[in-house]
Every structure is written in C-alpha cells, then in structure tokens.
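Per-entry structural report
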Amino acid sequence: MKKVKGFNLGNTIVIMIITALVSAVTTGVIMLNNISNNKVNCNEINEDEALKEFINIYNTLLSKYYDNNIDKEGMLKEAESAMINYLGDKYTTYLDNDKYDDILDELSDTYEGIGVTINDNMVIVAVTDNSPAQKAGMQANDIIKKIDGNSVEGKTSKEIGELIKKGNNKEVKIEVERNGVSLDFTIQKEKLVNQTVSHKMLENNIGYLNISIFSKNLEDQVKENLQELEKENLRGLIIDLRNNVGGFLNSAESTASLFLEQGKVIYSLKTSNNKFTYKDTTKEKRTYPIVVLINNQTASAAEILASALKYSYGATLLGTRSYGKGVVQQVTELSNGDSMKYTTAEWLTPTGACIDKIGLTPDLEVAYTTASDQEYDSQIASAVKVFK
C-alpha cells in the first residue's frame, strides 16, 4: 500500500496492537493526526545548548575523524534510534517503511489476494465465498505445499499470505495436498473486501457478533450483520472482542455510535495540555441488552468500544481482564521515507479513567474452556445465560 505523505489521513485516528500472530510479543501503536496544538518554536531550538553540542560533535567527527568514509546517513539514523530508545517507552519506536506499510495493509478495507485463510501449519482453514480460490476449486483443509514453484515448508501463515498477495504477477500458482493427492491451481488475484465481522443466531434469539479487527470499513460490516440478526427477532446480542487487537479508532467510534444514544460519551483523549471528549453525534441507537466478551488480548480500539458499551450503554463485560493499552501515539514521516511513532496522549473511558497497564475488569469473570469437539465455548455459554 502506498504510504500517505506526512500521514495525512484527515481526521483518521488509528489504534493498533501488533500481536502474537507472528512474534508472540504484544506491542501497540496508536497513530494520531494533529491532536496536539503544540508548535515547534524555532528560536528555542536555535538557542538549545544541548542541540548545539550535538551538532558540534557531528561536525567534529565529519571534519576530523581519521576515516573520511563516514556513512552520515547511517550515523544519524543511529542517533535518532538512540534518542527514541532513551525514553524507555515501548510504544515510541522507529518504523521502517515496510513495517508502516504492513500496518496500513492489515487495516485496509480491501486487499489483493485469492480469498483463503491459512494457519501456521500451512492448512487452509476457510475459503471465502465467490472468491478466486473457491471458483478455482480450492477447499478448506487443503495443505499448501508450494507457491509459484517454491516450497512453503516452515513458513508462517503471514509469510505464506505475503507470498500470495505481494507477488509481481496477477496470478499465482499454488500446489496443495488434498487427502494425500497433489493438486495444482493457477488463480487470478482480485481486489477483495477484508471481512472482519461474522454473525450467527444462538438459542432463544440471542445474536452473536464477532469482530476480529477494527478495519476501515468496520461500521458498514457491523451494520449489515446487525440488520441480518435483527430480522430474526433479536432479543439480546453477544459482541465478541476476544483476541481483537485493535485497528482504526474512528471505526471504534462509528461502531459505538450504532448502539449509543446521541450525546453519550465514547472516549476522551488527554494530552499534555488539553483534553478532548468524543460523544455520539448520530440519531441511530439500539436498546436490547448486550454482553461483550473480552480477554487479555482485547486491546486498544477494542477496549475503547468495550468501555463505551459498558459505561455509556449499560453492556455487561464477560471473560477475563483486557490487555490495557491506554496511551496513544502519533506517527511522523521522516525524510528518508521511514517513520517515527511516539506517545502523545492517554485515552480515557467515559468515566474518565485511564486503563493503561490495567485493562478493563469484566463484570462477570469467566475463564475460557472448550470441549474436545471444539464446539463448546464456556464464555459464550455463560453469556447466553445472562439473557435468561
């Protein structure tokens, strides 16, 4: 995805957790555009003695160091990284161009691909309806062996997905194993909608809505899924935010607005010198009871939606304590094409609390257990009982 120059996404605010899908290490990113009114005072910078000393050291090394083949760009990049690392803030980091593009691609409302979901065992676990993969004859449980003639042995699901999506050709050749038989497919890649919401109707007309990530088009997907459930005399709703690691904050805000009464607080942002409160400005609302499922991987934008539903709608939180990502970051593009992400604010619940490193405490604490057939889910089962 092409990066927008200067991170000019209008009023878009992004929250994301880069989580255990690849590295098993959870970190966070929130990107804000023009949240602070602070302006750089050039006169103060020019008079900054510490900066003058830095420039003096830089000039001395360039002019007097015995080896005149100094990599100026590399040396300055190391200095920049040192300044960032000095703060000791895991959310303030240096982002190279590829990492930043990966974040934006992950949150895009569309992607170029073939329409399959793959696990880390190279197995296709789902094939999207009407996708190029389905039309070509690929099926769930097919095991991917090669992509464009290259073995994928030992690669993660993300790496396999990258091979499919980011190849230069418009078509991809995939070899799979199905019931011990090798099959070859040549599939044309297409622009597909990033489906992040699913639903089903449970017993006693209790609806179940799963949100996997806060993508760009989340509001539309949630609205469509709600309308399908509401056709069936919906009497209560379970919203599953477990393992949801965040995404676009404006998607959390607009999704909360589908449920809240106009004027209700969704969240606030607190900077070093200002506080901004964001309320529901729409006339759309719901009134049926809601249970929100959370766990220790419910983070950032997902925590904002969960807290808005709890405090401004009256929803019940069920599960285990959430991750606790309550600070926000802004991204500034650097002249070399990379970016710097740095913490600029806290986000607050409708009650004015910051949950950073604390998380949201469930109203009903229920541990997750399942049965051998994987059909039973203790937290969903407990949520259904809330409506009885």
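This text follows the structure it describes.
This text gives an overview of the structure that appears in the document. What you are looking at is a predicted structure, and each value in this text was computed from that prediction instead of being measured.

The next thing to look at is the overall build of the protein. Scanning the protein from terminus to terminus reveals 10 helices and 22 strands. Burial analysis of the protein (388 residues in total) assigns 43% to the buried set. Sequence separation of 24 or more characterises 67% of the internal contacts of the protein that already satisfy a separation of 6 or more.

Another aspect to go through is the environment of threonine 281. When you line up the elements, threonine 281 lands in the loop between strand S17 (275-279) and strand S18 (290-294). For threonine 281, a relative accessible area of 65% gives the class exposed.

We now examine unusual backbone geometry. Residue asparagine 130 is not a glycine yet carries a positive backbone phi of 60°. By the secondary structure assignment, asparagine 130 is in the loop between strand S6 (124-127) and helix H5 (132-136). The exposure class of asparagine 130 is exposed, given its relative accessible area of 59%. Residue serine 300 is not a glycine yet carries a positive backbone phi of 55°. Within the fold, serine 300 resides in the loop between S18 and helix H9 (301-313). On the basis of relative accessible area, serine 300 is assigned to the buried category, the value being 0%.

With respect to the element layout, threonine 332 can be found in strand S20 (residues 327-333). Separated by 10 residues in sequence, threonine 332 and tyrosine 342 have C-alpha atoms that sit 8.4 Å apart. Sequence-distant contacts of threonine 332, that is, excluding residues within four places in its chain, are made with Asp338, Ser339, Met340 and Tyr342. Among the polar contacts listed, one links the side chain of threonine 332 to the side chain of tyrosine 342, at a separation of 2.8 Å.

With that out of the way, let us pick up the packing of aromatic side chains. The full count for this structure, using the stated rule, is three aromatic pairs. Aromatic pair phenylalanine 259 and tyrosine 313: ring centres 6.3 Å apart, planes at 85°, arrangement edge-to-face. One end of the pair, phenylalanine 259, is in the loop between helix H8 (249-257) and strand S16 (265-270); the other, tyrosine 313, is in helix H9, with 54 residues separating them in the sequence. For phenylalanine 259, a relative accessible area of 1% gives the class buried.

A word on helix H7 (residues 218-230). Note: α-helices contain 3.6 residues per turn, so residues at a spacing of three or four share the same orientation. With 13 residues, H7 extends 18 Å from end C-alpha to end C-alpha; this agrees with the ideal 18 Å at 1.5 Å per step. Restricting attention to buried positions, one finds in H7 the residues Leu218, Gln221, Val222, Asn225, Leu226 and Leu229. Axial view of H7: buried residues confined to an arc of 130°, hence all on one face. Those residues of H7 hidden inside the fold are in contact with strand S11 (190-193), strand S12 (197-201), strand S13 (206-211), strand S14 (236-240) and H8.

Every buried residue of helix H6 (residues 157-165) is listed here: Ile160, Gly161 and Ile164. In an axial view of H6, the angular spread of the buried residues amounts to 100°, which keeps them on one side of the axis. Close packing links the buried residues of H6 with strand S5 (116-118), strand S7 (143-147) and strand S9 (171-178).

So, on to the sheet that holds S13. Taken in spatial order, the six strands line up as S12-S13-S14-S18-S19-S22 in an open sheet, and their pairing is mixed. Strands at the two margins of the open sheet, each flanked by one partner only, are S12 and strand S22 (364-365). Across five bridges, the pairing between S13 and S14 is parallel. By the bridge assignment for S14, asparagine 210 is matched with aspartate 240. The sheet strands contacting H9 are S13, S14, S18 and strand S19 (316-319), and the helix crosses S18 at an angle near 150°.

Across the seven residues of S20, five count as buried, placing the element largely inside the fold. Bridge analysis of S20 against strand S21 (residues 339-348) gives seven bridges, and the strand direction is antiparallel. Across the sheet, the residue bridging to valine 328 is alanine 345, located in S21.

Turning to the sheet that holds strand S10 (residues 181-188), a few remarks are in order. Read from one edge to the other, the open sheet built from four strands follows the order S8-S7-S9-S10, with strand pairing classed as antiparallel. Each edge of the open sheet is held by one strand with a lone partner, namely strand S8 (150-151) and S10. Relative to the sheet, H6 contacts S7 and S9, its axis offset from that of S7 by approximately 50°.

Conventions adopted
- Residues numbered from 1 in each chain as written.
- Predicted model: local features only at pLDDT ≥ 70, side-chain atom pairs only at ≥ 80, totals over all residues.
- Heavy atoms only, no water.
- Helix = DSSP H or I, 4+ residues; strand = E, 2+ residues; numbered from the N terminus.
- Buried < 20%, exposed > 50% of the residue type's maximum accessible area, 1.4 Å probe, protein only.
- Contact = heavy atoms within 4.5 Å.
- Polar contact = N/O pair within 3.5 Å; in protein donor to acceptor, adjacent residues only side chain to side chain.
- Phe/Tyr/Trp six-rings, centres within 6.5 Å; stacked < 30°, edge-to-face > 60°.
- Expected span 1.5 Å × (residues − 1).
- Arc of directions from axis to C-beta.
- Pairing = 2+ DSSP bridges.
- Axes fitted to C-alpha atoms, helices over the stretch in contact; angles between N-to-C directions.

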